[in-house]
Amino acid sequence: MANPFSSSSSCSLLNLKQHFIVSFLFVTFTIITHVNGCFTSIFSFGDSFADTGNFLQISLSEHSELPQSAFPPYGRTFFHHPTGRFSDGRLVIDFIAEDFRLPFLPPYFGGENGRSNNFQKGVNLAVAGATALDDEILKERGITNPATNVTLGVELGFFRDVLSSLCSSSSDCRKLLSNSLIVMGEIGGNDYNFAFEEGKSNEETRELVPLVIDTIASAIHELIELGAVTFLVPGNLPIGCFPSCLTNFEGSDEEEYDPLTGCLTWLNHFSEYHNQLLQEELARIQEIHPHVNIVYADYYSAAIRFYLSPKQFGFRKETLTKACCGGGGPYNFNLSALCGYPLVTSCCDDPSSYVSWDGIHYTEAANRLLSRAILDGPHTNFPISNSLCQSFTVNNKLSNS
């Protein structure tokens, strides 16, 4: 499987969603956290699907090889120049910030002193290539991270450093975080990708899933202790549809491909397994902390629609599993000729008609649709856009009456 930084049953899932909805509705009528009903800042954790420039800045500071995202045609659609984002334009986190009328989140790294300092309205802590699990845990299982030594735990360290610069006491920090949205991921995908790259079997890689889920849960618990109350936690994407994965496992038995989408069913089932365990754990956290808002973002169900009904979303059926920018081959993906590097042989004229930008990451068009599905529902247990703000506005008015 390609480097991701350069890259249950239906009844049980339904019960989980019902539990989330009941819990969330209870929360929205019993707590007051937001000024004017909306978030004043966003803090984002994750990997290359959310990185707005951290990995690029780290590479520059360490004088190491620059990532693909440092070169055209990355950024061509919206920013018109590379920004360190692994897309032709905006990411889901950018659309979320726009929806809450906040500026694009500055990356944690950058600025004259190697670190940005304009974090009053939030910061992006995501780093391309980051894993959920610590390097030591992966190495014990014969898995190495070729991209970075940044893990979710390291990103939490960055976050604590940011807090120390934004608030002078624990009460101040709790007030700040009570008005903030925490976007926890997507994280964990690289743990699995690196395992598959090392030749680990599906069964061996599945053994990582409970460990990844526990790590995500521990991070959420730690942030709750610091004062965070509203979390958006994305699940994994349908990786069996990624051109990189389809290239890596090309030649698989025909029965392993979904005839409707052309995606690898066993890889998509892997994503569903991660997502099921994640939802179960989030439900447990919600029970322990009833005052906290935990919104599960079902990236999988939101994205799989693109492959099932491409025309409905403006995508071309013949390019569904092909990269817009890539080095050729059946899926226009080649590890020896990655998008952004000199040997790239093909870049499409219209990225908006493609789901995949570089074989691993989505186009801005796909990111826009994914964000709307999350912000407006029904691909969350509660629509987090206008409905969430309005709920807290009502609470504020009631508390002052």
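Residues numbered from 1 in each chain as written. Predicted model: local features only at pLDDT ≥ 70, side-chain atom pairs only at ≥ 80, totals over all residues. Heavy atoms only, no water.

1. Some words on the overall build of the protein chain
For the protein chain, the count of helices and strands is 14 helices and seven strands. Looking at the protein chain as shown, the accessible area adds up to about 16000 Å², and 52% of this sits on carbon and sulfur atoms. (Helix = DSSP H or I, 4+ residues; strand = E, 2+ residues; numbered from the N terminus. Areas by Shrake-Rupley, 256 points an atom, 1.4 Å probe, with all protein chains shown as cover.)

2. Re the sheet that holds strand β3 (residues 180-184)
In spatial order, the strands read β2-β1-β3-β4-β5; together these five strands make up an open sheet with parallel pairing. Of all the strands in the sheet, just β2 (122-124) and β5 (293-297) have a single pairing partner and so form its edges. Ignoring which end each strand starts from, the neighbouring axes of this sheet average 20° apart. (Pairing = 2+ DSSP bridges. Axes fitted to C-alpha atoms, helices over the stretch in contact; angles between N-to-C directions.)

3. A word on the packing of helix α9 (residues 209-226) against helix α11 (residues 265-288)
Two numbers describe how α9 lies on α11: the axes approach to 10 Å, and their chain directions differ by 30°. Like other packed secondary-structure pairs, α9 and α11 cross with a definite hand, here right-handed. Two secondary-structure elements touch here, α9 through Val 209, Pro 210, Val 212, Ile 213, Ile 216, Ala 217, Ile 220, His 221 and Ile 224 and α11 through Phe 270, Tyr 273, His 274, Leu 277, Leu 278, Glu 281, Leu 282, Ile 285 and Ile 288. Tallied by class, residues from the contact of α9 with α11 come to 15 nonpolar, two polar and one charged. (Left-handed = near helix turned anticlockwise from the far one by under 90°. Contact = heavy atoms within 4.5 Å. Nonpolar A, V, L, I, M, F, W, Y, C, P; charged D, E, K, R; others polar.)

4. Let's talk about a negative patch on the surface
On the surface, a cluster of negative charge is contributed by Asp 253, Glu 254, Glu 255 and Glu 256. Mapped onto the fold, Asp 253 is located in the loop between α10 (243-248) and α11. (Patch = residues over 30% accessible without salt bridge, like charges linked within 9 Å, V, L, I, M, F, W, Y side chains within 5 Å. Salt bridge = Lys/Arg side-chain N within 4 Å of Asp/Glu carboxyl O. Lys, Arg positive; Asp, Glu negative; His and termini not counted. Charge placed at Lys NZ, Arg CZ, Asp CG, Glu CD.)

5. A few points about the packing of aromatic side chains
Under the criterion given, the structure shown has 23 aromatic pairs. Where Phe 39 meets Phe 100, the ring centres are 4.9 Å apart and the plane angle is 75°; that geometry is what we call edge-to-face. Taken together, the residues Phe 39 in the loop between α1 (10-28) and β1 (41-45) and Phe 100 in the loop between α3 (92-99) and β2 connect sequence positions 61 residues apart. Across the pair, exposure class does not vary: Phe 39 and Phe 100 are buried alike. Note on Tyr 108 and Phe 109: the rings are 4.8 Å apart at their centroids and 90° apart in plane angle, and the pair reads as edge-to-face. Phe 109 carries the same exposure label as Tyr 108, and that label is buried. Ring pairs connect the aromatic residues Tyr 192, Phe 196, Phe 249, Trp 266 and Phe 270, which therefore count as one cluster. Here Arg 85 stacks its cationic end above the ring of Phe 104, 5.7 Å away from the centre of that ring. (Phe/Tyr/Trp six-rings, centres within 6.5 Å; stacked < 30°, edge-to-face > 60°. Buried < 20%, exposed > 50% of the residue type's maximum accessible area, 1.4 Å probe, protein only. Lys NZ or Arg CZ within 6 Å of the ring centre and 35° of its normal.)

6. Observations concerning the pattern of salt bridges
For the structure shown, the criterion picks out ten salt bridges. The partner of Arg 372 in a salt bridge is Asp 99, and the shortest N-O contact between them spans 3.1 Å. Remark: Asp 99 occurs in helix α3 and Arg 372 occurs in helix α13 (residues 364-376); sequence separation between them is 273 residues. The partly exposed category is assigned to Asp 99, whose relative accessible area is 23%. Its salt-bridge partner being Arg 372, residue Asp 376 comes within 2.8 Å of it at the nearest N-O pair. Here Asp 376 pairs with Arg 372, and both are found in helix α13, just four residues apart, close to one helical turn. The partly exposed category is assigned to Arg 372, whose relative accessible area is 32%. When salt bridges with common partners are traced through the structure, they connect Arg 90, Glu 98, Glu 364 and Arg 368 into a single cluster.

7. So, α3
Counting buried positions along α3 gives six out of eight residues, so the element sits mostly inside the fold. Taken together, the buried positions of α3 are Val 92, Ile 93, Asp 94, Phe 95, Ile 96 and Ala 97. Along its buried surface, α3 packs onto β1, β2, β3, β4 (230-234), α12 (299-308) and α13. After α3 finishes, the residue Arg 101 shows a positive phi value of roughly 55°.

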